[in-house]
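This is what each chain is made of:
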Amino acid sequence: MSEAWPFAELPPEERAQLQAAARELAKRPEAARQEDLEVLIIHSRGQTFAVPLLSVLSVAELHSLALIPRGPAAVRGLVSVRGEVIVAVELAALAGGGQAGLSDLRRVVVVASGPRRLAILTERMLSVRATAASVFARDPLAAHPAIAGTDAELTSLVDPDALVTEAFRQLEQAR
Amino acid sequence: MSGGDALMAVFRDEASDGLTRLARLLLELEGVTDEKTLSERVRELFRLAHSLKGAASTVGRNDLTEVAHELESCLDKLRRGQLAPGRQLIDAALTAVDVLTAGLSEQVSEADAARVRAALGSASAEPARKASRKGRKDSRGEAPAAPAPPPSAPAAPQTPGEVAFALLPALAGLARSPGQVGPVLALLSALEAHPAAGAHPQALAVAASMRAVLQAERGSPDLERRRLESLVEAADLLQTELDGGATRAEAELVVRALEEVQATAAAPRPVAPVAPAAETLRVPVALLDAMLYRVEELVATKLRLDHQRRTVEHLQDLVAQVTAEQGPRGVEVRQRLELVRRDLAQEVVGLGLLAQVLQDDVRDVRMVQVGPLLEPFRRTVRDVAEACGKRARLELVGEEVRVDKRSFDLAKEPLTHLVRNAVDHGLEAPAARAKAGKPELGTVRIVASAQEGQVFLEVSDDGRGIDLDAVKAGARARGLLEAGRELTEQEALELIFQPGFTTAQAATTVSGRGVGLDVVRTNVARLGGRVDVFTRPGEGARFVLALPLTLASSGGLFVRVGRVLYCLPLSAVEEVRVLEPGEVGVSQSRLFARVRGQALPWAAMGDVLAQRGTADPPAKPTPAVVLALGERRAALAVDELIGQEEAVVKALAPGTPRLPLVAGATSLADGTLVTVLEPTALLASLAGMAAAAEHPSARERRARVLVVDDTLTTRTMLASVLERAGYEVLVAPDGEAAWARLLQERVELVVSDVDMPLLDGLGLTRRLRASPEHAALPVVLLTSLATSADRAKGAEAGATAYVVKTDFDPAAFLQLVAELTGAPR
């Protein structure tokens, strides 16, 4: 490793983590891509997320958001979709990033984890994409349990079960 | 529909499911070779028959009870290995299932009952012949798949028994080709003509009866299943008889059964005088929930349309101003606009009516009679009484009252608590009852009634009543009541709903669970209901739960707090008013509003929602909402009172964690979603804030708990659980060490083991109770000693609560600790 490496100043532990991440990324092209996963690509606060289509119950326009007093920061409120009142989160905020302005949030993606429902608020929807689960490598730096992995284009694959669990955990903690 | 009809409908549903399962298991039984599976299936079969018998007996259907009893007895023998699951037994059991199934809609005839008895009796006498008939079983089993044999072709029977055996495949052929009775008649002729048949007069009598039935059947396009089964049974009996095993009684029963079916062959069977079952369809509750959601959306759409109508009216006013000077053209514009308004108004009215009817219909579908839902409480009363060494029975009144199943499910827990309390705390022990001139068997009564959109569930007992002096003493000891303050009876009764309230008598199974009446009241209030209590010394206590008939509320008060709109259920709003600055003042570091001569706790709703410290009194007139739930009232300042609106409160989607301040959400006419606040939680939150303001020291010092246990593991575990929950924990390895610490340190609670060296938990508790300084200190005994006698010793020593280690549940334990220390939960 050359001393000119831009992260040479980092502590050894963080440098090792980055090296591990780099090795993971370097492996990806060699794997034959088998498109076994359909994902909905959504945008939140400058980040791109892939939500497995199988877990998506519905996509709707965001008309109105009711606030939850004392709710955690990532839980933006309640939305009504097809008659159901569902807790709504912002992915970027849940993953530790900032919040978008309410007026920027245009769409609601309702995901299911067993009988549980959670609404993801998003600024815009990009597309539905067929991809391979294997391209989303577990990022050793990703601290958030709801992110199952990241691909070469820095799209984060959402684990819907972990996402719902994490959002509800934060809600319960905020009581 | 009367209560009896409703119970019968429940029975029919349940029995029908059970019989379907029975039939399926019986049919599968033949294919089971694995012993373990076989044993499991047989056990389940027995259990199903047993349950069916019990249920039939409960609804007074003795005819079904008898048949189910026959089936149960036979399956019991099978379960005990006294019978093998042969074909004959399975057929006989299926016959019983069929008779029972038919019996759900009409009375079981004596002939049918006899037929079942004969079939099951014959099958139960099977084991001796089992081995010899194995081969027959196989060939009989294959018969239905084979083409119907010609009358004389394959049989070539050599003995009367073989002729009889050939009857079975012939009857199977008859089942496939009704009316083609020739082959069977030919075999019967062969049997009757056989030289050896003369030795079997019973067999000949049965054969003659079969012939009579078949001749009546000749050419008939359809063969009633019941008749075919009788013929099969008769053929079975023929074999048995010709093998030398049937009794005269069995033969006579079969002959009678055949005569019966023959008699009914010509005329249709009269319908027995049993009330016809209303046609019902089972629908998953989730589907009804979904329908209700959709209907509520429809109501919301109607509200939005109405909003549009008002917009058009406003537009009309504007247009009228603009077009006033424009002659006929202006008039035409105004007329057209008026037509649009009228059409829209009519549509709104029509849609409103439709939505209302549909909403009522869907809600009505969700309404069930409360009787069957209350039935399980009989078991609760019986079990709790047994655990307390008492005798008790449950009386249900008003079983026909209909409630929203969802409301009832949510109210079940508080109701269970009240029923348990009634037995545990309300009823006296048998000896005390006898002494008081009461029957030893105590009565707990649940009375259901409905009035003006509310359902009332009263739980009463004929026990000792609530000892108001003990209540007041307990409240004083807990610091809930100032010394010397006089209370009315109702005020004293209200004390039992105070968080942390308990009496020394409460150290029993129920109180050991760490749930107080304050939790009951809170949970009922969360449903939009309330709990009231009444008592008469020596005659018992009565708790009345008033619940909304359905959960969807129809009225809300909309307020603005900051820039956010909130909705408050109107049921909790006593009044709204604008408070002048002079009407809000400070007393003992707390803010109060003077409302109609009363001082009510006051806070800005924004502060309560954000859990911020109470602000200064307002300097200008402030709109306020007076919330009232039972005895608890408070005035909350808002930024704007928007007004009262029809509101459909939607609960949060299933599986969502409970949000303490949120009851649900509702849509405004323009589609804006508004959070519906939970009044109970608002009041509780305000009370918590007020308490913190009143006692600043409480915020600085955490409640302190002394854990006394001689095992390090338990001490460590308890300390860890308590410390994680924010308590300060002191520990001691035995009662003496604990006592020494208590003389030096102040604690809010003692959690002690019982069995310890030097001074045990009971001794420590007694010593504390005898000490003026520590008499009121709550003591929780946490022990592995679990018998009623052990609990009684704990109560006798003066323990506040008794928790058995094997039942230890950290969450329930912490709830109990919070109650006893007065800490916020």
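In this text the structure is predicted, and so the values were computed from the model without any measurement. (Residues numbered from 1 in each chain as written. Chains lettered and ligands numbered in written order. Predicted model: local features only at pLDDT ≥ 70, side-chain atom pairs only at ≥ 80, totals over all residues. Heavy atoms only, no water.)

K.L.:
Could you give an account of the overall build of chain A, with specific residues and numbers?
P.N.:
Counting its regular elements, chain A contains three helices and ten strands. Moving toward the C terminus, one meets the helices and strands of chain A in the order α-β-β-β-β-β-α-β-β-β-β-β-α. When contacts within chain A are restricted to residue pairs at least 6 apart in sequence, long-range pairs at least 24 apart make up 58% of them. Carbon together with sulfur atoms contributes 50% to the accessible area of chain A, which is approximately 8,800 Å² in total. (Helix = DSSP H or I, 4+ residues; strand = E, 2+ residues; numbered from the N terminus. Contact = heavy atoms within 4.5 Å. Areas by Shrake-Rupley, 256 points an atom, 1.4 Å probe, with all protein chains shown as cover.)

K.L.:
Could you give me a rundown of the nonpolar core, with the residues and numbers involved?
P.N.:
Grouped together as the largest cluster of nonpolar side chains are 47 residues, with contacts concentrated most on Phe 408, Ile 466 and Phe 543 of chain B. When residues in this core are grouped by element, the largest group, seven residues, is from helix H17 (residues 405-426) of chain B. (Core = buried A, V, L, I, M, F, W, Y, C linked by side-chain atoms within 4.5 Å. Buried < 20%, exposed > 50% of the residue type's maximum accessible area, 1.4 Å probe, protein only.)

K.L.:
Now, about the environment of Val 135 of chain A: what can you tell me, with residues and values included?
P.N.:
Residue and element names in this part refer to chain A. By the secondary structure assignment, Val 135 is in the loop between strand S8 (124-131) and strand S9 (147-150). The class of Val 135 is buried, set by a relative accessible area of 7%. Between the C-alpha atoms of Val 135 and Gly 149, which are 14 residues apart in sequence, the distance is 8.4 Å.

K.L.:
Can you explain helix H5 (residues 110-124) of chain B? Please cite residues and give values.
P.N.:
All names here are of chain B. Under the 1.5 Å per step criterion, the end-to-end length of H5 is 20 Å for 15 residues, consistent within 8% with the ideal 21 Å. With twelve of 15 residues buried, H5 is to be regarded as a mostly interior element. Here H5 has its buried residues at Ala 111, Asp 112, Ala 113, Ala 114, Arg 115, Val 116, Ala 118, Ala 119, Leu 120, Ser 122, Ala 123 and Ser 124. (Expected span 1.5 Å × (residues − 1).)

K.L.:
How would you sum up the interface of chain A and chain B? Please name residues and give values.
P.N.:
Counting residues at the interface gives 23 residues for chain A, matched by 31 residues for chain B. For the pairing of chain A and chain B, the buried interface totals around 2,100 Å² over both sides, and the portion due to carbon and sulfur atoms is 64%. Across the contact surface, chain A and chain B share zero salt bridges. For the side of chain A that touches chain B, the elements supplying multiple residues, two or more each, are strand S4 (75-81), strand S5 (84-90), strand S7 (116-122) and helix H3 (160-173) of chain A. Element by element, the count of residues in the side of chain A that touches chain B is highest for S5 of chain A, at four residues. (Buried area = accessible area lost by both parts, 1.4 Å probe. Salt bridge = Lys/Arg side-chain N within 4 Å of Asp/Glu carboxyl O.)

K.L.:
Would you mind going over the side chain of Ser 64 of chain A in detail, with residue names and values included?
P.N.:
Within the element layout of this structure, Ser 64 of chain A appears in the loop between strand S3 (56-61) and S4. The class for Ser 64 of chain A is buried, based on a relative accessible area of 13%. A distance of 2.7 Å separates a polar atom in the side chain of Ser 64 of chain A from the backbone nitrogen of Leu 673 of chain B. Not counting chain neighbours up to four residues away, the residues in contact with Ser 64 of chain A comprise Leu 78 and Val 79 of chain A together with Gly 671, Thr 672 and Leu 673 of chain B. (Polar contact = N/O pair within 3.5 Å; in protein donor to acceptor, adjacent residues only side chain to side chain.)

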